[in-house]
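Each chain is listed here by its residues.
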Amino acid sequence: MLDLTPRREDLEPIEIASRAEILALQLVRLKRTLRRAYERVPHYRRAFEAAGVHPDDLASLADLAKFPFTCKEDSRKVRMSPQRLAGFSSVCRGLAERFCAASA
């Protein structure tokens, strides 16, 4: 029978990473995402502050439970808002409109 197992040197580093390496990468990327949301999205900054958390408080993946999540009611409030995307977007409205128009 033909062995189709790829050679180790042909694999990407993430494909042979240990569980600990994957968890560390997830934590780095999650921290980056939380910081971006906190710095660029007014809704998340307010929600984090109301919950008493800051992106720097994430020391492990388990700490994610401390952070607020957006719920359906938050989404409804935005849809009914005259500005619609105001406070919920991390990009300027023009960029979002161009993206949506191009993706339709």
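Refer to the structure above for everything that follows.
Here the structure is a predicted model, which means the values were calculated and not measured. (Residues numbered from 1 in each chain as written. Predicted model: local features only at pLDDT ≥ 70, side-chain atom pairs only at ≥ 80, totals over all residues. Heavy atoms only, no water.)

Caption draft 1: Inspection of the packing of aromatic side chains at higher detail. Here the structure, examined in full by the defined rule, presents three aromatic pairs. Considering the side-chain rings of Phe 48 and Phe 67, the 5.2 Å spacing of their centres and the 75 degrees angle between planes classify their relative orientation as edge-to-face. One end of the pair, Phe 48, is in helix H2 (residues 42–51); the other, Phe 67, is in the loop between H2 and helix H3 (72–80), and 19 residues separate them in sequence. Residue class for Phe 67 comes out buried when judged on its relative accessible area of 4%. Taken together, the ring pairs in this structure connect Tyr 38, Tyr 44, Phe 48 and Phe 67 into an aromatic cluster. In this arrangement the basic side chain of Arg 45 is found over the ring face of Tyr 38, its NZ or CZ atom lying 4.1 Å from the centre. (Phe/Tyr/Trp six-rings, centres within 6.5 Å; stacked < 30°, edge-to-face > 60°. Helix = DSSP H or I, 4+ residues; strand = E, 2+ residues; numbered from the N terminus. Buried < 20%, exposed > 50% of the residue type's maximum accessible area, 1.4 Å probe, protein only. Lys NZ or Arg CZ within 6 Å of the ring centre and 35° of its normal.)

Caption draft 2: Expanded view of H2. Looking only at H2, the buried set comprises His 43, Ala 47 and Phe 48. Burial along H2 is one-sided: seen end-on, the buried residues are contained in an arc of 125 degrees. At the exit of H2 stands Gly 52, carrying a positive phi of roughly 75 degrees. (Arc of directions from axis to C-beta.)

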